[in-house]
Amino acid sequence: MFFDISSRRNGAGVGVVLISPEIQVLPFSFVLGETCSNNAAEYQALIIDLKMALDMKILQLEIYDDSKLIINQLLGSYKVKKEDLLPYHQYASCLLEKFDQVFLNHIPIEENRRDDAWPR
C-alpha cells in the first residue's frame with residue numbers, strides 16, 4: 001500500500017494505491033474535510049487506508065509512505081511528542097495489531113508517486 005496526502009487551505013486530499021501480490025492495482029482517493037497539520041492528515045490517511053484494508057480482508061500488508069515521522073513513530077523509533085498526534089498514533093497502532101503481518105517502510109518523497117497517477 002502506497003499513500004500520500006495533498007494539503008490545501010480547506011482540507012486535505014488522500015491518495016492510496018493497493019497493489020495485490022498478483023499485481024492488481026487498486027487506486028483510491030478521499031477528501032479530508034477538516035483543516036489540520038500535515039502529520040495529522042498523514043495519520044488520518046493511514047487510518048482510512050488500514051480500515052479499508054481490513055474491510056477487504058487483507059491481513060498482510062506492506063505500507064510505504066514518505067512521512068519519516070509517521071513511519072518511525074509507528075515503528076517505535078520516534079516518540080510522539082505532539083499531543084494532537086497521540087490519539088491518531090494510538091488508533092493506528094491498534095489497527096495495525098489486527099493484521100497478521102505488517103511492514104512499515106519509509107520511502108523518499110520522489111519515490112512515492114504511485115498514488116499521484118490520478119487527480120484529487
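Engineer: Explain the confidence of the model for the chain here, please?
Structural biologist: Reading fine detail from the predicted coordinates is not recommended where pLDDT is low. Put simply, the chain has an average pLDDT of 81, and 76% of its residues get 70 or more. Taking the mean pLDDT of every element in the chain, the minimum, 66, falls on strand β1 (residues 2-8) and the maximum, 97, on helix α3 (residues 86-96). For the stretch residues 114-120, pLDDT sits under 50, and the model shows 23 contacts to residues farther than four places along the chain or on other chains.

Engineer: Can you help me understand the packing of aromatic side chains in this one?
Structural biologist: To describe a pair of aromatic rings, one takes the distance between the centres and the angle between the planes. According to the stated counting rule, one finds one aromatic pair in the structure shown. Relative to Y88, the ring of Y43 lies with its centre 6.4 Å away and its plane at 10°, an arrangement referred to as stacked. Of this pair, Y43 sits in helix α1 (residues 38-55) while Y88 sits in helix α3, and the two are 45 residues apart along the sequence. Assessed through its relative accessible area of 0%, Y43 is described here as buried. Judged by relative accessible area, Y88 falls into the partly exposed class, the value being 21%.

Engineer: How should helix α2 (residues 68-75) be read in this particular structure?
Structural biologist: Turn by turn, an α-helix covers 3.6 residues, leaving residues three or four places apart pointing in a common direction. Among the residues of α2, I70, I71, N72, Q73 and L74 are the ones counted as buried. In the core, the buried residues of α2 are packed alongside α1, β4 (60-65), α3 and β5 (101-106). Once α2 finishes, G76 follows within two positions and takes phi at roughly 90°, a positive value.

Engineer: Please clarify how the nonpolar core should be interpreted in this entry.
Structural biologist: One broad trend across soluble globular proteins is that nonpolar side chains are buried collectively. With 22 residues, the main nonpolar core has M1, L46, L50, L61, I63 and L74 as its most contacted residues. Broken down by secondary-structure element, the contributors of at least two residues to this core are β2 (11-19), α1, β4, α2 and α3. Discounting chain neighbours no more than four positions away, the residues touching L50 are M1, L61, I63, A92, L95, L96 and F99.

Calculation rules
- Residues numbered from 1 in each chain as written.
- Predicted model: local features only at pLDDT ≥ 70, side-chain atom pairs only at ≥ 80, totals over all residues.
- Heavy atoms only, no water.
- pLDDT = per-residue confidence, 0-100.
- Helix = DSSP H or I, 4+ residues; strand = E, 2+ residues; numbered from the N terminus.
- Contact = heavy atoms within 4.5 Å.
- Phe/Tyr/Trp six-rings, centres within 6.5 Å; stacked < 30°, edge-to-face > 60°.
- Buried < 20%, exposed > 50% of the residue type's maximum accessible area, 1.4 Å probe, protein only.
- Core = buried A, V, L, I, M, F, W, Y, C linked by side-chain atoms within 4.5 Å.

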